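Now for the letters of each chain:
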Amino acid sequence: MSLLEIDNVTLRFGGVTAVNQVSFNVEEGEVFALVGPNGAGKSTLFNLISRIYNPAEGDIRFDGKSILDKAPHEIAPLGIARTFQNIELFEQATVMQNLLVGRHRHRKSNMWSELLFTPYVRTEERRHRAAIEKVIDFLDLQAYREKYIAGLPYGVRKVVEMGRALAIEPRLLLLDEPASGLSVEETQDVAFWVEDIKKQMGITVIMVEHDMHLVSSVSDRVLALADGKMLSLGKPHEVQNDPRVIEAYIGASDQNAEVSA
Amino acid sequence: MRTVFKTSYDADIDLFKHGAQRNWYILLLVAALLLPFVLSEFALGEMTNLLIWSIACMGLMLLVGQTGQPSLGHAAFLAVGCYANVLLQERLGLPFILSFPLAGLIAGVAGALIARPMTRLHGVYLAIGTLALAILTDDLIVLATPLTNGVMGLFAPDIQIFGYGFNRYGNPIRLYLLILAITVAVVLVYRNIQRSPLGRSFAAIRDSEISAQAMGVNVARTKAIAFGISAGITGLAGALIGHYAGIFNNETFNVILSIQLLLAVVIGGLGTIHGAFFGAAVVALLPQAIAISRDLLGKVMGGGTIAIPGLEAAVFGAILIAFILFEPQGIYGRWFKIRTFFELFPFYRRDMFRRQKSYLKTERMR
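Residues numbered from 1 in each chain as written. Chains lettered and ligands numbered in written order. Predicted model: local features only at pLDDT ≥ 70, side-chain atom pairs only at ≥ 80, totals over all residues.

**Q** What am I meant to see in the overall build of chain B here?
**A** Of the regular secondary structure elements, chain B holds 15 helices and four strands. Against the 2.2 N^0.38 benchmark of 21 Å for 366 residues, chain B shows a C-alpha radius of gyration of 21 Å, consistent with a compact globule. For chain B, the C-alpha atoms occupy an extent of roughly 55 × 50 × 45 Å along the three principal directions. Counting all 366 residues of chain B, 42% fall into the buried class. For chain B, restricting intrachain contacts to residue pairs at least 6 apart in sequence, the fraction spanning at least 24 positions comes to 73%. (Helix = DSSP H or I, 4+ residues; strand = E, 2+ residues; numbered from the N terminus. Rg over C-alpha atoms; globule rule 2.2 N^0.38 Å. Buried ≥ 20, exposed ≤ 12 C-beta atoms within 10 Å, placed from the backbone. Contact = placed C-beta atoms within 7 Å.)

**Q** Would you mind going over the overall build of chain A with me for this structure?
**A** What chain A contains, in helices and strands, is nine helices and 10 strands. By the compact-globule yardstick of 18 Å for 261 residues, chain A fits well, its C-alpha radius of gyration being 20 Å. Principal-axis analysis of the C-alpha atoms gives chain A an extent of 75 × 40 × 35 Å. Looking at chain A residue by residue over its 261 residues, the buried ones come to 43%.

**Q** Hey, could you run me through the interface of chain B and chain A in this one?
**A** A common way to report how large an interface is uses the accessible area buried once the components associate. Contacts between chain B and chain A engage 31 residues on the former and 36 residues on the latter. Secondary structure elements with two or more residues in the side of chain B that touches chain A: α1 (10-13), α8 (172-194), α9 (197-207), α10 (209-214) and α11 (219-245) of chain B. Element by element, the count of residues in the side of chain B that touches chain A is highest for α9(B), at seven residues. When its residues are assigned to classes, the side of chain B that touches chain A shows 16 nonpolar, 11 polar and four charged. (Nonpolar A, V, L, I, M, F, W, Y, C, P; charged D, E, K, R; others polar.)

**Q** Before we go on, may I ask you to explain the packing of helix α2 (residues 95-102) of chain A against helix α4 (residues 119-139) of chain A in this structure?
**A** In a packed pair of helices, the relevant descriptors are the angle between the two axes and the axis-to-axis distance. Residues and elements named next belong to chain A. Following both chains from N to C, one finds α2 and α4 inclined at 105°, their axes separated by 10 Å at the closest point. Looking at the two axes, α2 sits roughly perpendicular to α4. Residue-level contacts link M96, L99 and L100 of α2 to H128, I132 and V135 of α4. Tallied by class, residues from the contact of α2 with α4 come to five nonpolar, one polar and no charged. (Axes fitted to C-alpha atoms, helices over the stretch in contact; angles between N-to-C directions. Parallel < 35°, antiparallel > 145°, perpendicular 65-115°, else oblique.)

**Q** What is the right way to look at unusual backbone geometry in this model?
**A** Trans is the prevailing form of peptide bonds, just as negative phi is the prevailing case for residues other than glycine. Between F345(B) and P346(B) the backbone carries a cis peptide bond, its omega angle lying at 5°. Here P346(B) is to be found in the segment after α15 (330-344). A positive phi angle, near 50°, is found at F117(A), a position not held by glycine. Residue placement: F117(A) occurs in the loop between α3 (111-116) and α4. In this structure F117(A) comes out as buried when scored by C-beta crowding, with 20 C-beta atoms within 10 Å. One non-glycine residue, D140(A), adopts positive backbone phi at about 60°. Relative to the helices and strands, D140(A) resides in the loop between α4 and α5 (154-167). The exposed category is assigned to D140(A), around which 12 C-beta atoms lie within 10 Å.

**Q** Before we go on, may I ask you to explain the nonpolar core in this structure?
**A** Side chains that are nonpolar tend, in soluble globular proteins, to be buried together. Counting residues in hydrophobic clusters, the biggest one holds 164 residues, and the most contacted among them are V205(A), I55(B), C57(B), M58(B), L78(B) and V265(B). Tallying contributions element by element places helix α3 (residues 41-66) of chain B first for this core, with 13 residues. Residues lining this core come from more than one domain, with at least three contributed by each of domain 1 (1-79 + 170-261) and domain 2 (93-168) of chain A. Apart from residues lying up to four places away in sequence, L78(B) is in contact with A56(B), T234(B), A237(B), G238(B), I241(B), F253(B) and L257(B). (Core = buried A, V, L, I, M, F, W, Y, C linked by C-beta atoms within 7 Å. Domains from an automatic or database assignment.)

**Q** Can you help me understand the confidence of the model for chain B in this one?
**A** Detailed reading of predicted coordinates is not advised where the pLDDT is low. Residues and elements named next belong to chain B. Mean pLDDT over chain B: 88, with 94% of residues reaching 70 or higher. For chain B, per-element mean pLDDT is lowest for helix α14 (residues 311-326), which scores 84, and highest for α11, which scores 96. Counting contacts from residues 357-366, a segment whose pLDDT is below 50, to residues more than four positions away or on other chains yields 13 contacts. If you check the scores for this complex, the pTM reads 0.90 and the ipTM reads 0.89. (pLDDT = per-residue confidence, 0-100.)

**Q** Before we go on, may I ask you to explain the sheet that holds strand β5 (residues 65-66) of chain A in this structure?
**A** Across a sheet, strands are paired by hydrogen bonds formed along the backbone, either parallel or antiparallel in direction. Residue and element names in this part refer to chain A. Here four strands make up an open sheet; going across it, the order is β2-β1-β4-β5 and the pairing antiparallel. Looking at the sheet topology across the chains shown, the edges are occupied by β2 (16-26) and β5. Running over the sheet, helix α1 (residues 42-49) touches β1 (4-13), β2 and β4 (57-62) and is turned about 70° from β2. (Pairing = 2+ DSSP bridges.)

**Q** Teacher, can you tell me more about the domain arrangement of chain A here?
**A** Residue and element names in this part refer to chain A. Domain assignment breaks chain A into domain 1 (1-79 + 170-261) and domain 2 (93-168). Between the C-alpha centres of domain 1 and domain 2 there is a distance of 28 Å. Residue-level contacts link 11 residues of domain 1 with eight residues of domain 2. Of all the elements in the fold, those that place two or more residues in the side of domain 1 that touches domain 2 are β7 (172-176) and α6 (184-199). Here the residues of the side of domain 1 that touches domain 2 sort into eight nonpolar, two polar and one charged.

**Q** How should the pairing of strand β3 (residues 31-35) of chain A be read in this particular structure?
**A** Successive side chains on a regular strand alternate, one facing one side of the sheet and the next facing the other. Residue and element names in this part refer to chain A. Counting buried positions along β3 yields five of five residues, so the element is predominantly enclosed. By the bridge criterion, four bridges tie β3 to strand β8 (residues 204-208) in an arrangement that is parallel. The partner of F32 across the bridge, within β8, is I206. Here β3 pairs with strand β9 (residues 221-226) via four bridges, running parallel.

Right, dumping it as structure tokens:
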């Protein structure tokens, strides 16, 4: 059984069909990339999995169970974490506090004990911080621990957002353009991290990314989308060389002209 | 600037950042405890008033500063707390020590219930919705005359705890100390919220609802909790206002009071406990300051007292506009800058706290 099954999902905004009968499975432990030109429906697919949008047709199953009866805040407790294309961090809070919000899923203390800050709450806080420590070490965020997000450079914010998603301790991680706006070295770091997230932490990754070099170096399978429809699904080099994908990216050439691979 | 070298997670979790900070606050508490021996009876009364305002401001600050939900209707919760406290004492014969926390609880439940429909609104719409609440309260008090005695108002009995009486005129020192103790308790609860998962989920909702949701924070429920705790603390302040004023009716809790409360938290500095106290000081002491300076001015000019209608509102308005223009982070923001200036002297730079504009926000899901 696949970890995530997207089963014939369609989503319409008025007359626009943003996602059109898309079906694919993501296996446990793989890195799955979504590519396609702008407006292809990649981020919309993420928003469907996050339950921000309701599909008009089809079903989304995680670990064999449909998630369509879940509210958006019930997705993280299942073990699905995500980042956002245009960083959505908590700006007026420190890096540490941002990462700790990621631990919200693991919160066991209730409101009343927190109002009184009982010893149990303190023990819990220590436990959360110890868990965060691993993420901080993994992503090399030690220097920024106490810094406010509002003052951090773009590249660091990207990393913090990835850290916050990892703090959830997910089974499935959705990365929405993890390398957009990053320098070459930073992109390389992201490639290493994705590799490690898969191998060391055993987390399944779905990634939306435009950087084809990054996609082909880390992903096991690639799905190309255009105008909400599936174009091509397979190994990175297969998808890259698919004539339909090239056409979607570069545009249709003359009717009779051959598409060179 | 002091650099704290943290050696354990407890350094992050503890109430105070470091020993020196703890000592300063202990000193502040001692000073507050010594005030009755220094101040005149009138000044002590004003200090008591300031503390009550501080509690109310902390209540609203939790909602506006911590959770990012503006409310122009908090006079309603002051009223609920005030009436509940007095009615519990008079109708059910409960002692203050029971009626006071119950009044807070009732105001809190009222807040949480009202939050459900209200928090579906955002930003300016939420402000308008809560403003309607404030206007309604005035009328509801009159409509419920059999219970509230309408425009005739109610008398608050003296506070009695284990045979000790607390009265503004009879034993002002006792009343001051009682209210100081309540204020300290509220500050501690506020700090506990700030350093626990609950406070972090409030901040998450304030900064980005959509990613709070993605982290597993139940936004509607958390907002209702924020509204509830905020209304509860405000209700406690309301109960104290009743006892402090002695008599109150629907006019006591009019819209102006709601607006003053919101002014206080904005002028004080959003999102900080300090801000609540600074704002309370401005709102609670300004009317007296205006009256005193008016009298002084009258003496200097030799024309007796000058009566200028609407002067208080005009001064309030001018102060608010000045703050929004020149110091959006309020008195606390200014104080923080001055402190940093001396801590870093002579290395402070003027642009150190210049706010960065962020152009990276996605469309909010509203």
